[in-house]
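# Understanding the architecture of this molecule
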Amino acid sequence: MSFANSQTGTAISDRATAQVLIIGAGINGIATFRDLALQGVDVVIVEKNDFVSGASSASSHMIHGGVRYLENGEFRLVKESVTERNSLLKIAPHYVKPLQTTIPIFSTFSGVMAAPLRFITHRQGATHVERGAMLIKVGMMIYDAFSRDGGTVPRHEFVGRSKALAALPKLNPGLKYTATYYDAAMHDPERLALDVLHDGLDAGPHARAANYVEAVGMDNDGVHLRNSVTGEEFTFHADVVVNTSGPWTDLTNTALGQPSTFMGGTKGSHIVLDNPELLAATGGREIFFEHEDGRIVLIYPLKGRVLVGTTDLEHDMSKPVRCTEDEIDYFFDLVAHVFPTVKVDRSHIVFRFAGVRPLPRHDDEAPGFVSRDYRIESRPLPRAGVADGTLLSLVGGKWTTFRALAENLSTDILKLLGLPRTVSTEGLAIGGGRNFPVTDAAHQVWVTAHGDEVGADRAEALLARYGTRASEVIDFMTDPTAQTDAPLQHDPAYTRREIEFLASTESVVRLIDVLLRRTSMAFVGSVTTPLIEEVARVVAPVLGWDAGRLAEEIELAHGILSDVHGVALAPVSQAPFFAV
Ligand SMILES: Cc1cc2nc3c(=O)[nH]c(=O)nc-3n(C[C@H](O)[C@H](O)[C@H](O)COP(=O)(O)OP(=O)(O)OC[C@H]3O[C@@H](n4cnc5c(N)ncnc54)[C@H](O)[C@@H]3O)c2cc1C
């Protein structure tokens, strides 16, 4: 398996034409790429930054039916979402796992009048009224009806205060009930998206992908693409241009000379806490609830840490996207509301992140009530270098529905190209989810077989990290012609050969790509300055970096981690240390 050579974009610029050019490699662009690649379409996807570095890297990690969208009357979306959730549990079992979710409820009747009003007006109203037990019960019953996948997903359970506190003793004793139901979580969104991308690339040389290539303009000859690292530009012809640049969709259309006002994204932030008391308090469940301002927020355990989010704030896409100190205060406040005795402070934060939801323009509608559904906008494209070209723009699209969305979008594209659909992605396993051992017995067989090569603990960790693609990683790690493998000195959860594997096969362009998106090092708070330097020295020979580039990559990664993600880091070492 290997990606196009995106360091120079050569795989794209050498043959600067395709039937379809997709601009923007978040999950929705990538899933559309996979779908088209599987139909044999000549397709190229370009991404101005790293793959999956936009909204798709900033989600709450939930693969969910969207119980709260019932309140907005979005029944189509809820139906599609629960169908896709149930399917992803089967086709991507390595990354998508069932998530027991508990809603603490503090009142019995409130919101019964307010909800129909919100349903009709889609406005919050001057005074916020909490969603009470009656209302949540009705919502849960409807959700069960949509969600149970022929009975395999357990029905929701409603319990009173004493039973609720017996199960989760640190919950606020002021609550009256809890409602518990099942949704799903994805542990590694970036890796899941890379698996989807791999599936597309593995379809054959007609499918090409390049990160760090930006669409910057368009004229009669085609779309102008610019290598974001080297600044080189070239022109690319396509019959159909698909703008899947998420919250940047209007900016991309403007750059292409096709201005639009489709988007009205809202910013949401999260923090990741290393706080064992809070982790234990969640009892392994997602705590999903209405905060005092009416926003639906969450606290849940992920990778031995606790994820807390999120906000919903209007955002100007020309400004940087950051998790602010005010948002952090808000998160501490919501934790205190639900777990009043658990102490949480800034010293527990190991990582923070923010992103903008690619929502449709919503004028005076309150952010929380803006439709989460998606639509496709089409325009004739007289300037794409062909007489009857088309520009399609995706407006909206959650993580949960990526497969169905991609199928709908690529069906439209196939119609434009006059081609039949030959393959459906419904039920088709994704990447390392293929032949994934789901029973305990099958899991044990896999770990025992591969444990001979790398030890049972390492085999177990690699299976969790890559699904069945772990066997390719293990082959690489145990290659007898290569240097003997060893754990990284500053993060023994990873080995040198594993990092070399990622650098050589997963289109790593920048050091930060490894720390943020190929591994979970940054997310779980393992990154220190010595680790950044160590990973850089492992990656440098694989990517042919000289001492100057090495120092530049370390500075860049250090800056992004501390400025954007709030990671506390010691200064980098002096330049001579970097010699390769
Ligand atoms: C705070 C938050 C929480 C969320 N939680 C959930 C959740 O729990 N569950 C869920 O299902 N969904 C959730 N979502 C929604 C979901 O994450 C997004 O809707 C989804 O990831 C959008 O994917 P996308 O591919 O459309 O956009 P993006 O992931 O933003 O991808 C667009 C890409 O286009 C690139 N690009 C932009 N301009 C150009 C250009 N000119 N040339 C080349 N490339 C370009 C960008 O760099 C970007 O990588 C959440 C979103 C946010 C922000």
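For the structure itself, look to the data block above.
Reference entry: report on the structure contained in this document. Throughout, residues of each chain are indexed from 1 in the direction in which the sequence is written. Where totals are concerned, whole chains, interfaces and linings use all residues; where local detail is concerned, this predicted model gives features only for residues with pLDDT of at least 70, and gives and counts side-chain atom pairs only at 80 or more. Heavy atoms throughout the structure, all of them, feed into the side-chain values; hydrogens and water do not.

In this analysis, the protein atoms alone were mapped onto a 1 Å grid. Cavities are point sets where a 1.4 Å probe fits without being able to get out; pockets are open sets with protein on both sides within 12 Å along at least five of seven lines; lining residues have an atom within 4 Å of a point. Grid points are joined across faces, edges and corners, and a volume is the space filled by probe spheres set on the points. The full count for this structure, using the stated rule, is one cavity of 30 Å³ or more. Every residue lining the largest cavity is listed: Y143, D144, S147, V153, P154, Y181 and Y182. In this description a helix means any DSSP run of H or I spanning at least four residues, a strand means any run of E spanning at least two, and both kinds are numbered starting from the N terminus. Counting only elements with at least two residues in the lining of the largest cavity, the list comes to α5 (133-147) and β6 (177-186). At three residues, the largest contribution of residues to the lining of the largest cavity is made by α5. Residues are grouped as follows: nonpolar covers Ala, Val, Leu, Ile, Met, Phe, Trp, Tyr, Cys and Pro; charged covers Asp, Glu, Lys and Arg; every other residue, Gly included, is treated as polar. Grouping the constituent residues of the lining of the largest cavity by class yields five nonpolar, one polar and one charged.

For each residue, the test is whether any non-hydrogen atom lies within 4 Å of the molecule or strand; if one does, the residue is near. Looking at the ligand, there are 38 residues lining it, with E47, S56, M62, G397 and T400 nearest. The side chain of S56 places a nitrogen or oxygen atom 2.5 Å from an oxygen atom of the ligand. Here a polar contact means two N or O atoms within 3.5 Å. Within protein one must be a hydrogen donor candidate and the other an acceptor candidate, and residues neighboring in sequence count only if both atoms are side-chain atoms. Within the contact set of the ligand, an oxygen atom lies 2.5 Å away from a backbone nitrogen or oxygen of G397. Here the ligand, which alone exposes 1000 Å², has 96% of that area covered by the protein. Surface accessibility follows the Shrake-Rupley procedure with a 1.4 Å probe radius. Residue values consider only the protein chains on display as shielding.

The subject of this paragraph is the pairing of strand β13 (residues 296-302). Counting buried residues in β13 gives seven out of seven residues, a clear majority hidden from the surface. Burial of β13 is two-sided: the residues I296, L298, Y300 and L302 facing one way and the residues V297, I299 and P301 facing the other way are all buried. Here the rule is simple: two strands pair whenever DSSP picks up at least two bridges between them. Across four bridges, the pairing between strand β12 (residues 286-290) and β13 is antiparallel. In the sheet register, E290 faces β13, and the bridge partner there is I296. Counting the residues in the hairpin turn of β12 and β13 gives five residues, including G294, whose phi is positive at 95°. Bridge count between β13 and strand β14 (residues 305-309): five bridges; the pairing is antiparallel. Accessibility here uses a 1.4 Å probe with only protein chains present; expressed as a share of the type maximum, an area under 20% marks a residue as buried, one over 50% as exposed, and anything in between as partly exposed.

On to a nonpolar patch on the surface, then. On the surface, a cluster of nonpolar side chains totalling about 230 Å² of accessible area is made up of F75, V138 and I142. Position of I142 relative to the elements: it lies in helix α5. Exposure above 30% relative accessible area and the absence of a salt bridge qualify a residue for a patch, where like charges join within 9 Å and nonpolar side chains (Val, Leu, Ile, Met, Phe, Trp, Tyr) within 5 Å. Counted as salt bridges are all cases of a side-chain nitrogen of Lys or Arg within 4 Å of a carboxyl oxygen of Asp or Glu.

Okay, the environment of F402 next. By the element assignment, F402 lies in helix α11 (residues 402-417). You can call F402 buried: its relative accessible area is 1%. Taking C-alpha positions, F402 is 16 Å from S371, a pair spaced 31 residues apart along the chain. Leaving out residues up to four positions away in the same chain, F402 has contacts with I27, N28, A31, L88, V196 and I430. Contacts are assigned to residue pairs that have any heavy atoms within 4.5 Å of one another.

Fair warning: the whole summary comes from geometry, so function is off the table for now.
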